[in-house]
Amino acid sequence: MADTADLSERGLLDEVDALRRHQLETGVQLLRLVSEFARQHGAGRVDPVNARLPGRERAVQLGGEGTPWVAEFACSVLAARLGLSAYARVPAGRRSARPRIPAAGALDTGPGPGGQ
């Protein structure tokens, strides 16, 4: 990118367009990676017997109805990598993005425990 002081109005706006497009593409890639991480750390990875013990990992549903269940501790690992608080609500999968991003409907991660 050229020095911004050397850019015309059109040049500045062209740079804004290019960066915004790159930002959107990066966001889509990040959504895919987060969704795959959630899929790989689904409820099936949680031992249902151990989950009943205090302090043990359990399956949680972080999004609204219809979002997949995920292994509770995976959320903290992912949040740390994203530079978020361990208490941040990271989308549990692409289903929670469906209302906000219409194309995300094709990125379903499957049901949670008991077919939920």
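Just so we're clear, the structure is a prediction, and the values are computed from it rather than from any experiment.

**Considering the overall build of the protein chain**
- From N to C terminus, the protein chain includes three helices and two strands.
- Scanning the protein chain from its N terminus toward the C terminus, one meets helices and strands in the order α-β-β-α-α.
- When contacts within the protein chain are restricted to residue pairs at least 6 apart in sequence, those whose partners lie at least 24 apart make up 48%.
- Surface accessibility of the protein chain: about 8,200 Å² in total, with carbon and sulfur atoms responsible for 55%.

**Some thoughts on helix H2 (residues 72-81)**
- Listed in full, the buried residues belonging to H2 are Ala74, Cys75, Leu78 and Ala79. Buried residues along H2 cover an arc of 135° about the axis, so they all sit on one side. For H2, the exposed residues set more than 90 degrees away from the buried face come down to Ala80 and Arg81.
- In the core, the buried residues of H2 are packed alongside helix H1 (9-40) and strand S2 (70-71).
- Backbone geometry just after H2 places Gly83 at a positive phi near 75°.

**Some details on a nonpolar patch on the surface**
- A cluster of nonpolar residues, Leu30, Leu82 and Leu84, forms a patch on the protein surface that exposes about 230 Å² of accessible area.
- Looking at where Leu82 falls in the secondary structure, it is placed in the loop between H2 and helix H3 (94-97).
- For Leu82, a relative accessible area of 32% translates into the label partly exposed.

**Structural notes on the confidence of the model for the protein chain**
- On average, residues of the protein chain score 80 in pLDDT, and 72% of them are at 70 or above.
- When the criterion is pLDDT under 50, residues 106-116 qualifies, and its contacts beyond four places in sequence or with other chains add up to 18 contacts.

**With respect to the side chain of Thr67**
- Summarising the element assignment, Thr67 is placed in the loop between strand S1 (59-60) and S2.
- On the accessibility criterion, Thr67 (2% relative accessible area) is buried.

**What about the pattern of salt bridges?**
- For the structure shown, the criterion picks out three salt bridges.
- Of the charged contacts, one joins Asp14 and Arg10 as a salt bridge, the two residues approaching to 3.9 Å between their closest N and O atoms. Here the residue Asp14 and the residue Arg10 both occupy positions in helix H1, the gap between them amounting to four residues, near one helical turn.
- Judged by relative accessible area, Asp14 falls into the partly exposed class, the value being 40%.

Conventions we followed
- Residues numbered from 1 in each chain as written.
- Predicted model: local features only at pLDDT ≥ 70, side-chain atom pairs only at ≥ 80, totals over all residues.
- Heavy atoms only, no water.
- Helix = DSSP H or I, 4+ residues; strand = E, 2+ residues; numbered from the N terminus.
- Contact = heavy atoms within 4.5 Å.
- Areas by Shrake-Rupley, 256 points an atom, 1.4 Å probe, with all protein chains shown as cover.
- Buried < 20%, exposed > 50% of the residue type's maximum accessible area, 1.4 Å probe, protein only.
- Arc of directions from axis to C-beta.
- Patch = residues over 30% accessible without salt bridge, like charges linked within 9 Å, V, L, I, M, F, W, Y side chains within 5 Å.
- Salt bridge = Lys/Arg side-chain N within 4 Å of Asp/Glu carboxyl O.
- pLDDT = per-residue confidence, 0-100.

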